[in-house]
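Each chain, letter by letter, is given below.
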Amino acid sequence: MKEKFFITTPVYYANAQPHIGHAYTTVAADVIVRFKKLLGEKTFLLTGMDEHGAKIAQKAEHEGLTPQELVNETSGSFQNLWERLNVDYDVFTRTTDKEHKEFIQKAVQKLYDKGVIYKGEYEGLYCVGCEQFKTESELVEGKCPDHNVEPEVMREESYLMKMGSEQEWLMEMIKKDEFKIRPLRYKKEMLSFLENNKLEDLSISRKNVDWGIPLPFDETHTVYVWFDAFLSYVTGLIKKKKFEEFWPSDVNLIGKDILRVHSTIWPIMLRHLEMPVSRGLFVHGHILSGGKKMSKSLGNVIGIEEMLDKFGGEGTRYLLSAVGSLGDDVDVTMERLTEKYNADLANGLGNLVSRVITLVGKLGKGAQLGNFVVKEDALDKQFVKLMNEFEVDKALEHIWEIVKGANKYIEETRPWELIKEDEKKFKETMKVLVRNLWQIIWLLNPFMPETAEKIKYQLETGKKEILFERIK
Ligand code: MSP
């Protein structure tokens, strides 16, 4: 039986327009899913929006909109972006969806009935930007390092979910890779965190936030936004009637900023709900711009629209996948992206395709291109291994070795001279080149599906067309 593969992106906060970071995660997830499809696996890609909570309510008020109007607008922008980036998701889920709300209410009710959720009081330092309580040790000079603001002291009646009772279990799950965290350094980081900190019970409701899902057993409270958001990984499947087929998730792909919540609250929630726990997380680093975190005040933000206008959907997919190792932070500037676009796409791949198609035209009618086609060995072991380990940038380098090798082969064998001198040799040479091109078409498919399709078309029809123009 074919394996199934269910991957999720985070559900993004609907308080702001999408940016390059969101695109980075979502494109990576799409590339991996398209690769799994090539392997013949049954796949499901979930993405969507996190639409409740104080942060969104505040933003809506600021804009003079209702929260629902605001989230409708931002969700639309995200969907447009995924379309421009050709993201082939199976569900775009939203926490304001009816099915989601119903499921959340059932879930909290179940935990309340079991005594896992109980009424208490919670006091802590709350960062609205993160929608999380912070410990003193997480603050830098009294401020949240991610948002550079002092968290609010909050003390209120709240419902709490038991966490500490599951700590030993959680550590075992992580140690044994039953909840598998990759790259390994993030697994180590979480284990060391859990060895040194006792998990406190988690406040799962808010009394003064109206924009949320009311607790069924106490409507003066709404569900805490992270509790609400996590379960969209479940309800997204339910909405498409795919729960039985795909649960548990094989990978939750996330940025390192949300590693801690994903490796504590998330598995413990599922355990309390008596559901199979997600198989694990893949954690990626952040995109930096000119060595610094992108911020409007620094003026170093690389807009995703700007990238799309300049490099197109396919070029942007390529560049986001090629900028660096997924697990690490990567530094990006518009100049470097442009250089890479010209070197790899306009020159490297573009040249190769154009040269080979011209030469194919010279093969003459007698030559059956079919004889030159070898597909079965295209997904070579090295490529499959890299992709299975989410080393997408290395997998691309692997493809570019073929591109460079083929360009070099053309220069060395000089097929345009062979045509005149040695027809047999010319055909042999072409066989190698056409095979290379087929291999590239196969391997490139997850990264640049439209380009792969275009190369295939050119090869099959002999109609030459420029793939990528050089840009400034
Ligand atoms: N709503 C929560 C997630 C809930 S999941 C159950 C949230 N949303 S977010 O809109 O802030 O998106 C955070 C995610 O966006 C990160 O985990 C990461 O995937 C992506 N990125 C945001 N900024 C980024 C960079 N600068 N670089 C790379 N990815 C980043 O957190």
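Remember, it's a predicted structure, so these values are computed and weren't measured experimentally.

Draft legend 1. How the structure looks around the overall build of the protein chain. In terms of regular secondary structure, the protein chain is built from 18 helices and 15 strands. Against the 2.2 N^0.38 benchmark of 23 Å for 472 residues, the protein chain shows a C-alpha radius of gyration of 25 Å, consistent with a compact globule. When its C-alpha atoms are laid out on the principal axes, the protein chain stretches across 90 × 50 × 40 Å. Of all 472 residues assigned to the protein chain, the portion counted as buried reaches 56%. For the protein chain, the accessible area works out to roughly 21600 Å², and carbon and sulfur atoms hold 48% of it. If you average the places of the 67 positive and of the 75 negative side-chain charges in the protein chain, the two averages end up 6 Å apart.

Draft legend 2. Focus on the pairing of strand β11 (residues 218–223). Sheet topology note: the strand β9 (residues 205–206)/β11 ladder contains 2 bridges and is antiparallel. The partner of R206 across the bridge, within β11, is T222. Where strand β10 (residues 214–215) lies against β11, 2 bridges are found, and the strand directions are antiparallel. The residue bridging P214 from the neighbouring strand is T222, located in β11. Linkage of β10 to β11, two consecutive antiparallel strands, is achieved through a turn of 2 residues.

Draft legend 3. Local environment of the nonpolar core. Membership of the largest hydrophobic core comes to 89 residues, with the highest contact counts inside it found for M307, L349, W400 and F447. Of all the elements, helix α13 (residues 334–361) adds the most residues to this core, at 12 residues. Both domains that furnish three or more residues to this core are identified here as domain 1 (4–284) and domain 2 (329–461). Those residues in contact with L349, other than ones at most four positions away along the chain, are D344, W400, V403, I440, L444, M448, T451, I455 and F468.

Draft legend 4. Focus on the domain arrangement of the protein chain. Each assigned domain of the protein chain is listed here: domain 1 (4–284) and domain 2 (329–461). Spacing between the C-alpha centres of domain 1 and domain 2 amounts to 41 Å. At the junction of the two partners, domain 1 supplies 14 residues and domain 2 supplies 16 residues. Summing both partners gives a buried area of about 1400 Å² for domain 1 against domain 2, and 75% of it is carried by carbon and sulfur. A per-residue breakdown of the area domain 1 buries against domain 2 is headed by V31, F35 and L38, which together make up 42% of the total. Taken together, the links from domain 1 to domain 2 amount to 1 salt bridge. Its salt-bridge partner being K256, residue D329 comes within 3.0 Å of it at the nearest N-O pair. In this assembly, domain 1 and domain 2 are joined by 3 residue pairs in polar contact (both at pLDDT 80 or more). Elements represented by at least two residues in the side of domain 1 that touches domain 2 include exactly α1 (20–38) and β12 (251–255). Among the elements that line the side of domain 1 that touches domain 2, the one with the most residues is α1, at 7 residues.

Draft legend 5. How the structure looks around the site of the ligand. Neighbouring the ligand are 22 residues; V11, Y13, T25, D50 and I287 lie closest to it. In this structure, H284 approaches the ligand through a side-chain N or O atom, which is 3.3 Å from an oxygen atom. The protein chains hide 90% of the 680 Å² of surface that the ligand would expose on its own. Listing elements by their share of the shell around the ligand, those giving two or more residues are β1 (4–13), α1 and α7 (225–230). Grouping the constituent residues of the shell around the ligand by class yields 11 nonpolar, 9 polar and 2 charged.

Draft legend 6. A look at the pattern of salt bridges. Going through the model one piece at a time under the given rule, you end up with 34 salt bridges. A salt bridge links E411 to R355; the nearest nitrogen and oxygen atoms lie 3.1 Å apart. With a gap of 56 residues between them, E411 in helix α15 (residues 392–413) and R355 in helix α13 connect regions that are remote in the sequence. Accessibility expressed as a relative area gives 44% for E411, which makes it partly exposed. Its relative accessible area of 25% is what places R355 among the partly exposed residues. Residue K385 pairs with E389 through a salt bridge whose shortest N-O separation is 3.8 Å. Bridged by salt links that share partners, the residues K4, D250 and R279 form one connected network.

About the criteria used
Residues numbered from 1 in each chain as written. Predicted model: local features only at pLDDT ≥ 70, side-chain atom pairs only at ≥ 80, totals over all residues. Heavy atoms only, no water. Helix = DSSP H or I, 4+ residues; strand = E, 2+ residues; numbered from the N terminus. Rg over C-alpha atoms; globule rule 2.2 N^0.38 Å. Buried < 20%, exposed > 50% of the residue type's maximum accessible area, 1.4 Å probe, protein only. Areas by Shrake-Rupley, 256 points an atom, 1.4 Å probe, with all protein chains shown as cover. Lys, Arg positive; Asp, Glu negative; His and termini not counted. Charge placed at Lys NZ, Arg CZ, Asp CG, Glu CD. Pairing = 2+ DSSP bridges. Core = buried A, V, L, I, M, F, W, Y, C linked by side-chain atoms within 4.5 Å. Domains from an automatic or database assignment. Contact = heavy atoms within 4.5 Å. Buried area = accessible area lost by both parts, 1.4 Å probe. Salt bridge = Lys/Arg side-chain N within 4 Å of Asp/Glu carboxyl O. Polar contact = N/O pair within 3.5 Å; in protein donor to acceptor, adjacent residues only side chain to side chain. Near = heavy atom within 4 Å. Nonpolar A, V, L, I, M, F, W, Y, C, P; charged D, E, K, R; others polar.

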